[in-house]
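Overview (structure and organization)
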Amino acid sequence: MPKTQDHTHTQRISLDHDFEVLYEKACEAGIDTAFSRAKQTPVPCPFGSAGVCCRHCLEGPCRIGLNGKGPQEGICGANGDTIVARNLLTMMIEGAAGHAEHGRETALALLEASEGHSDYQIKGVEKLYQVAAGLGIETNGKAVEDIGKQVALKALEDFQKQAGAMNWLTLHAQQQSIDKWDELGITPVNIHLEISKAVTRTSMGCDADPINLLLGCLTMGLVDGFGGLHLSSDLQDILFGVPKLVKSNFRLGVIKKEMVNIAVHGHVPLLSEKIVEWSRKLSEEAKAAGAAGINVVGICCSGNEMLMRHGIPAASSFSSQELVIVTGMLEAMIVDVQCIMPGIQKVAECYHTEIITTLPYVKIAGSTHVNFHTDKADKAAQDIVRKAIANFPKRDHQKITSFTGTVEAYAGFSNEQIIEALSALNKEDPLKPLLDAITSGAIRGVAAIVGCTNVREFQDWGNVTVAKELLKNNVLVVATGCSAHSLAKHNLMNMQGLEYCGESLRGVLKAIGQAAGLESLPPTLHMGSCVDNSRPADLLTAVANRLGVEVKDLPAVGSCPETHSPKALVIGTYFLANGVDVHVGVNPQVSGSQFVTDVLCNGAKDDGLNLEKLFGGKLIYEKDPVKAAAILLRRIEEKRLALGLSS
Ligand code: MSK
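What counts and what doesn't
- Residues numbered from 1 in each chain as written.
- Predicted model: local features only at pLDDT ≥ 70, side-chain atom pairs only at ≥ 80, totals over all residues.
- Heavy atoms only, no water.
- Phe/Tyr/Trp six-rings, centres within 6.5 Å; stacked < 30°, edge-to-face > 60°.
- Lys NZ or Arg CZ within 6 Å of the ring centre and 35° of its normal.
- Pairing = 2+ DSSP bridges.
- Helix = DSSP H or I, 4+ residues; strand = E, 2+ residues; numbered from the N terminus.
- Axes fitted to C-alpha atoms, helices over the stretch in contact; angles between N-to-C directions.
- Salt bridge = Lys/Arg side-chain N within 4 Å of Asp/Glu carboxyl O.
- Buried < 20%, exposed > 50% of the residue type's maximum accessible area, 1.4 Å probe, protein only.
- Right-handed = clockwise from strand over helix to strand, strands pointing away.
- Polar contact = N/O pair within 3.5 Å; in protein donor to acceptor, adjacent residues only side chain to side chain.
- Contact = heavy atoms within 4.5 Å.
- Expected span 1.5 Å × (residues − 1).
- Near = heavy atom within 4 Å.
- Nonpolar A, V, L, I, M, F, W, Y, C, P; charged D, E, K, R; others polar.
- Domains from an automatic or database assignment.
- Buried area = accessible area lost by both parts, 1.4 Å probe.
- Parallel < 35°, antiparallel > 145°, perpendicular 65-115°, else oblique.
- Left-handed = near helix turned anticlockwise from the far one by under 90°.
- Patch = residues over 30% accessible without salt bridge, like charges linked within 9 Å, V, L, I, M, F, W, Y side chains within 5 Å.
- Areas by Shrake-Rupley, 256 points an atom, 1.4 Å probe, with all protein chains shown as cover.

1. Topic: the packing of aromatic side chains
Overall, the coordinates contain five aromatic pairs when judged by the stated rule. Members of the aromatic cluster, connected to one another through ring pairs, are W181, F226, Y574 and F575. Sitting over the face of the ring of F47, R63 holds its NZ or CZ atom 3.8 Å from the ring centroid.

2. Description of the sheet that holds strand β15 (residues 581-584)
Reading across the sheet, the six strands line up as β13-β12-β11-β14-β15-β16 and stay open at both edges, with parallel pairing between neighbours. A strand with exactly one partner marks an edge of an open sheet, and here the two such strands are β13 (524-528) and β16 (619-621). Taken over all neighbouring pairs, the strand axes of this sheet differ in orientation by 25° on average, direction set aside. Pairing of β15 with β16, which is carried by three bridges, proceeds in the parallel orientation. Within the sheet, the bridge partner assigned to V582 lies in β16 and is L619.

3. Here's the deal with the pattern of salt bridges
Two side chains that carry opposite charge are able to pair once their charged atoms sit near each other. As enumerated under the stated definition, the model contains 38 salt bridges in all. Its salt-bridge partner being K197, residue E194 comes within 3.7 Å of it at the nearest N-O pair. Here E194 and its partner K197 are both found in helix α9 (residues 191-202), three residues apart, which amounts to about one turn of the helix. Close ionic contact of K244 with E420 constitutes a salt bridge, the shortest N to O distance being 2.3 Å. Remark: E420 occurs in helix α17 (residues 415-423) and K244 occurs in the loop between α10 (210-240) and β3 (246-250); sequence separation between them is 176 residues. Overall, K244 belongs to the partly exposed group, its relative accessible area being 40%. What makes E420 partly exposed here is its relative accessible area of 43%. In the salt-bridge network here, residues are joined through shared partners; they are K127, D234, D237, E305, R309, E416, D532 and R535.

4. Description of the pairing of strand β5 (residues 294-299)
Burial analysis of β5 places six of its six residues in the buried class, the great majority of the element. With burial as the criterion, each face of β5 is covered, one bearing I294, V296 and G298 and the other bearing N295, V297 and I299. Looking at chain direction, β5 and strand β6 (residues 314-316) are connected through two bridges and run parallel. Each bridged residue has a counterpart across the sheet, and for G298 the counterpart in β6 is A314. Taken together, β5, helix α13 (residues 300-310) and β6 form a β-α-β motif whose crossover is right-handed.

5. Re the side chain of E322
Mapped onto the fold, E322 is located in helix α14 (residues 321-325). At a separation of 2.6 Å, a polar atom in the side chain of E322 contacts the main-chain amide nitrogen of A34. Among the polar contacts listed, one links the side chain of E322 to the side chain of R37, at a separation of 2.7 Å. In this view, E322 contacts T33, A34, R37, M341, G343, I344 and V347; residues no more than four positions away in its chain are not counted.

6. Section: helix α4 (residues 80-115)
Helix length check: α4, at 36 residues, gives a terminal C-alpha distance of 52 Å against a target of 52 Å (1.5 Å per residue), a fit within 8%. The element α4 is extensively covered by neighbouring structure, given that 28 of its 36 residues are classed as buried. Its side-chain oxygen placed 3.2 Å from the backbone nitrogen of D81, N79 serves as the N-cap of α4. G116 lies just past α4 and shows a positive phi near 80°.

7. Let's talk about the site of the ligand
Around the ligand lies a shell of 13 residues, among which H267, C339, C452, C482 and C530 are the nearest. Where the shell around the ligand is concerned, the elements lending two or more residues are α13 and α20 (481-489). Of the residues contributing to the shell around the ligand, the split by class is seven nonpolar, five polar and one charged. Looking at the shell around the ligand, you find at least three residues from each of domain 2 (252-399) and domain 3 (416-643).

8. Here's the deal with the domain arrangement of the protein
Under the domain assignment, the protein is made up of domain 1 (80-240), domain 2 (252-399) and domain 3 (416-643). The gap between the C-alpha centroids of domain 1 and domain 3 is 23 Å. Between domain 1 and domain 3, the contact holds 40 residues from the first and 38 residues from the second. Buried surface at the junction of domain 1 and domain 3, both sides included, amounts to about 3100 Å², of which 69% is carbon and sulfur. One can count three salt bridges joining domain 1 with domain 3. Among the salt bridges present, the one from D237 reaches R535, with a minimum N-O distance of 2.9 Å. On the surface where domain 1 and domain 3 come into contact, there are twelve residue pairs in polar contact (both at pLDDT 80 or more). Going through the elements one at a time, α4, α5 (125-134), α8 (175-184) and α10 are the ones with two or more residues in the side of domain 1 that touches domain 3. No other element matches the 18 residues that α10 contributes to the side of domain 1 that touches domain 3. Taken together, the residues of the side of domain 1 that touches domain 3 sort by class into 18 nonpolar, 16 polar and six charged.

9. Remarks on the side chain of H267
Note on placement: H267 falls in the loop between β4 (260-266) and α11 (269-281). Residues within four places of H267 in sequence aside, it is in contact with H102, C301, S302, E305, D336, V337, Q338, C339, C530 and K567.

10. Some words on the packing of α4 against α10
Where α4 contacts α10, the axes come no closer than 8 Å and their chain directions differ by 20°. Taken as axis vectors, α4 and α10 run roughly parallel relative to one another. In this structure, the crossing between α4 and α10 has a hand that is left-handed. Classifying every residue of the contact of α4 with α10 gives 22 nonpolar, eleven polar and three charged.

11. Remarks on helix α19 (residues 461-472)
The end-to-end C-alpha distance of α19, which contains twelve residues, comes to 16 Å, matching closely the 16 Å that a straight helix rising 1.5 Å per residue would cover. The element α19 is extensively covered by neighbouring structure, given that nine of its twelve residues are classed as buried. All buried positions along α19 are accounted for by G462, N463, V464, T465, V466, A467, E469, L470 and L471. Just past α19, the residue N474 takes up positive phi, approximately 65°.

12. What to know about a nonpolar patch on the surface
On the surface, I211, F595 and L609 cluster together into a nonpolar patch covering about 230 Å² of accessible area. Take I211: it is sitting in helix α10. I211 sits in the partly exposed class, given a relative accessible area of 34%.

Shown next as structure tokens:
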């Protein structure tokens, strides 16, 4: 049995008590998890934390001395500003590449489905027509598959074209923003070209101008926003259908003792869709093995995707993924890509859980690998579900910890669903009730709470606290990613949470919800996975277009209180390029350069060049969630004032 690194487990790890129970159980059983490993290294490396460690060549690693003490240049002469900006761009590349690969796989899946040589069919026909029209594809008299193929080829063109702007950027961005990006020379041409160029410019002996490197970060933000987020969401809606309102459950009570439990974890929903389908089809086989049936639960964004389209319950966000296994009731955890801790394998070895990797470029030593491809998706899903069924009799009943508590949550708030709900109030002009609420001040502004949970943070605390502070002050809150897990678990996606809303916001939510046949809309709206940050972006664009202003002018903010991932940083950069203020509650690792910090965080009235002057919004780094919410509220009021909206 491995020895846990946290023998004392005195510090609390989560606002969710169930995970504290499991953490204590893991510590007592000598099972290491990310939480115990984090306590083993309580202070992160100060040089890495400040962004001043350079590992771009073999003369180093070099590091810049902190607080002006020690060497102020690397061996090549790169100073702290260059090194910090370059390291930030490296993180952006990593985040954008992950989302772009998600988009590329989805585009190929749509192409194969359209050509009839995969196990998938197009389910979102209406969305297909809408996207095709936006791309200028002629649809009259054409078969759905022909249109699907044209849309897929347009998407793949965004990985190949050598001139002009990306198709998906032109499809979704406001013209004023495109003009600004063109003027600054940051408009991306194609996704792979920009990623490749950015890798080149960060390598030793290339770009050494911190301003130019920071502009490169903005390009990566646009690559991510249009080539990762929008492209993936659009094509997934075409393949699997646009999410509609669903009711489901969160917390560990969703894992059922009498069932074969399968967790889907990762991001790209291609395989998870099939796991859900085959779990239903093979339930008789599970019963023959002594179980009551098959229960699929979600982790991270695979969980969000399956929740949004199928109402699959959610077991865990990022930081507690290993602890799900410690229930002793998980027969298999199926992973695809991103946010998968290698540590799950070691924890699984202490139980009967089988970790199953599915992509040739994401494997974990010791785990089972079932290769997934769209033309053999049904076969792969059947094999995986049968492996889980075969594991059910191997449970060690002495090691089981079950929970009964679940929290009900509403999800499925695509823009199409929001518009449908609003149209119950105004059929001819569905956006009008929302615009009226914003302009009258009944809704002070809109906030997207996005991003992760982070093992070094007290799980859910930052996400929930920022949300409650904003709700109390009548800000409409939407959420995606793992932060949506936090909000759902703490009653902010069901009607109980309405008590946290200010009176005027509650009135608007009730009016819209009741017109749509509900008691109310929930206090916060679950808009989906990480790539679905395209949805709040589209909502803001629609509101700005109707008000005749730019997105940067809206009283809208983004917040990532507990993030851990470079993906969240690059999503935030996409919003910054659109002029939206973005809060991060976790150190963005730029403090080693006052110049870079000023460019990112200073206001428009400050001396020198900065993001707010160029785009209209800035980065706000504040660890304390109450203070962070106060800053966001102030920014919302400033933008209201500038727009001439009621005080
Ligand atoms: S899964 S990127 S921990 S949100 Fe999208 Fe959650 Fe953050 Fe991964």
